[in-house]
Amino acid sequence: MYKRIKSIIGLGLMFSLLLFVIACNSDSPQSTFDPHGPIAELQKNLFMFTFWIAVVVFIIVEGGILYLTFKYRKKDDKLPVQTHGNLKLEITWTIIPAIIVVIIAIPTVLAIWETQVMPEEEDSLVIEAVGHQWWFEFKYPTEEVVTANELHLPEDKDVIVNLRSQDVLHSFWIPKIAGKVDMVPNHENQLYIKADEPGLYYGQCAEFCGIAHAMMRFRVIVHTPENYQNWLDEMRTPPAKLASGSDEDEGRKLFVGNCSMCHTYDSYKKGAYTKEITSQYNRWEEWKNDKENSAIVSAPNLTHYGNRITLAAGIKENNLENLIKWIENPDEIKIGTRMKNHASIYRDENELSNEQINQIAKYLLSLKPSQESSATYNK
Ligand SMILES: [Cu+2]
């Protein structure tokens, strides 16, 4: 019995050590130990400062417990000297933790203040990020660009993200760059972010928001200033014309007939930004008024979808095979989507054939700006 307990404890310790080692891997795309922006850097430094103080406390306290356990373990049947209370000792072990808490609190409070100060709006890029069950909408009001699940940023630029939610609580977090701040319905929060190096970063909803919460992710693509400008230009460029009778063109007709009530696909047009804001609002209102039977819901903007890296909010690589699977049955990739519950193509009488699904997928992947551009995506 004793042996069994020992081996269970041993296995438990080994498993904990394994988890500890895995968690320390700074190569992981969501590791906070490899910061790429001032906010994440500040948070990491604060964590390390607190961590090392905790390590010292741990060693002293656990060392003391082990020392006393062995030194005063039962050696014979003699009753040891019985004492009660020690004023000096009790005052000491009350004051020392209080001092430690103050030492940790000072940089913590300073860091909280520092992250709350927003840069001047005139010198910053202002972005609206809206949380939906279970995807992210990104709007660039000054640039009049709207996209979903992939946030494009220029490097070394102060960015103010205005955070909102259209349904329940979500939380916006890019572990290597900044966060996390809650996205609250009927309330706007702000987050200051800045990325110091071009590259691809991972984002994640960090507040439980329903059945697909863990699958509510996004990507952040940080560009050099020139590439960022190219991306903006591309977002205002129409896609190439489709050859009549091609699979893509057939897919376009099917998409317009079945999907375009919820998914906007042409926000490259002039004035499209304001139109999209109104459309999303109306879709949302209609769904809110009749959650069971509403024919429309607010949905990710699919302008230049062919340039996206992932589908289903950062869950699968964006390619033909995955996109077909997604359209066939979204629940298999991400359970609970409103698309599955509300789009008419999922009702028996309107079901699409495999060929039609294939055509829609090909059409969506063809949605790319037509003109040659020098923009290089950091895939
Ligand atoms: Cu969530």
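Definitions and limits used
- Residues numbered from 1 in each chain as written.
- Predicted model: local features only at pLDDT ≥ 70, side-chain atom pairs only at ≥ 80, totals over all residues.
- Heavy atoms only, no water.
- Helix = DSSP H or I, 4+ residues; strand = E, 2+ residues; numbered from the N terminus.
- Rg over C-alpha atoms; globule rule 2.2 N^0.38 Å.
- Buried < 20%, exposed > 50% of the residue type's maximum accessible area, 1.4 Å probe, protein only.
- Contact = heavy atoms within 4.5 Å.
- 1 Å grid on protein atoms, 1.4 Å probe; cavity = no way out; pocket = protein on both sides within 12 Å on 5 of 7 lines; lining within 4 Å.
- Points joined across faces, edges and corners; volume = space filled by probe spheres on them.
- Nonpolar A, V, L, I, M, F, W, Y, C, P; charged D, E, K, R; others polar.
- Donors = N, O, S within 2.8 Å, 3.2 Å for Na, K, Ca; no water.
- Tetrahedral: all angles 85-135°; square planar, octahedral: opposite > 155°, others 65-115°.
- Pairing = 2+ DSSP bridges.
- Polar contact = N/O pair within 3.5 Å; in protein donor to acceptor, adjacent residues only side chain to side chain.
- Axes fitted to C-alpha atoms, helices over the stretch in contact; angles between N-to-C directions.
- Parallel < 35°, antiparallel > 145°, perpendicular 65-115°, else oblique.
- Left-handed = near helix turned anticlockwise from the far one by under 90°.

Helix and strand counts for the protein chain come out as 10 helices and 12 strands. Taken against the 2.2 N^0.38 rule, which gives 21 Å for 379 residues, the C-alpha radius of gyration of the protein chain at 27 Å runs more than 25% over that of a compact globule. Overall size of the protein chain, expressed as C-alpha extent along the three principal axes, is 100 × 55 × 40 Å. Relative to its 379 residues, the protein chain shows a buried fraction of 41%. Partitioning the contacts of the protein chain with sequence separation of at least 6, the portion at a separation of at least 24 is 68%.

Turning to the layout of surface pockets, a few remarks are in order. A volume near 690 Å³ is recorded for the largest pocket. In terms of lining residues, the largest pocket is bounded by 41 residues, among which His263, Ala299, Pro300, Trp326 and Met339 are the most central. Mapped by element, the contributors of at least two residues to the lining of the largest pocket are α5 (247-258), β11 (310-311), α7 (320-328), α9 (338-342) and α10 (354-366). For the lining of the largest pocket, the per-class residue count stands at 26 nonpolar, 10 polar and five charged. In this structure, the second largest pocket encloses a volume near 390 Å³. If you go around the second largest pocket, you meet 16 residues; those closest to its centre are Val130, Arg164, Ser165, Gln166 and Tyr281. Elements with a minimum of two residues in the lining of the second largest pocket: β1 (125-132), β2 (135-140), β5 (159-165) and α6 (272-289). Sorting elements by how many residues they give to the lining of the second largest pocket places α6 first, with six residues. Split by residue class, the lining of the second largest pocket holds five nonpolar, five polar and six charged.

Residue placement: Pro35 occurs in the loop between α1 (2-23) and α2 (38-71). Judged by its relative accessible area of 13%, Pro35 falls in the buried class. Put simply, Pro35 and Lys362 are 327 residues apart on the chain and 38 Å apart in space, counted from C-alpha to C-alpha. Setting aside anything within four residues of it in sequence, one finds Pro35 in contact with Ala40, Glu41, Lys44 and Lys176.

We now examine the coordination of the copper ion. Coordination of the copper ion by the protein comes from Cys205 (SG), Glu207 (O), Cys209 (SG) and His213 (ND1), over a distance range of 2.0 to 2.5 Å. Each of the four donor atoms around the copper ion contributes to a set of angles spanning 85 to 128°, which defines the coordination as tetrahedral. Each donor residue of the copper ion belongs to the same chain, and together they define the spacing C-x1-E-x1-C-x3-H. A relative accessible area of 2% places Cys205 in the buried class.

In terms of burial, strand β8 (residues 189-193) is a largely internal element, four of the five residues being buried. Looking at chain direction, β5 and β8 are connected through five bridges and run antiparallel. Directly across from Ile160, in β8, lies its bridge partner Tyr192.

Another point: the side chain of Gln166. Counting through the fold element by element, Gln166 comes out in the loop between β5 and β6 (170-174). Given a relative accessible area of 18%, Gln166 falls into the buried group. Of the polar contacts made by the side chain of Gln166, one reaches the side chain of His132; its length is 3.2 Å. Within the local environment of Gln166, its side chain forms a polar contact with the side chain of Ser298, the two groups lying 3.1 Å apart. Ignoring any residue separated from it by four or fewer positions in sequence, one finds Gln166 in contact with Val130, Gly131, His132, Gln280, Trp284 and Ser298.

Once that is clear, we can look at the sheet that holds β2. Backbone hydrogen bonds hold the strands of a sheet together, and the pairing may be parallel or antiparallel. Taken in spatial order, the five strands make up an open sheet running β3-β2-β1-β5-β8, and their pairing is mixed. Either end of the sheet is taken by a strand with one partner, and the two such strands are β3 (145-148) and β8. Taking the axes of each pair of neighbouring strands and ignoring which way they run, one obtains an average angle of 25° across the sheet.

Contact geometry for α7 and α10: axes closest at 9 Å, N-to-C directions at 125°. On the basis of their axis angle, the class for α7 and α10 is oblique. In this structure, the crossing between α7 and α10 has a hand that is right-handed. The segment α7 lies against α10, with Leu320, Leu323, Ile324, Ile327 and Glu328 engaging Asn354, Ile357, Asn358, Ile360, Ala361, Lys362, Leu364 and Leu365. Considering only residue class, the contact of α7 with α10 consists of nine nonpolar, two polar and two charged.

With respect to the helices and strands, the residue His263 is situated in the loop between α5 and α6. Reaching out from His263, the side chain makes a polar contact with the backbone oxygen of Pro300 at a distance of 2.8 Å.

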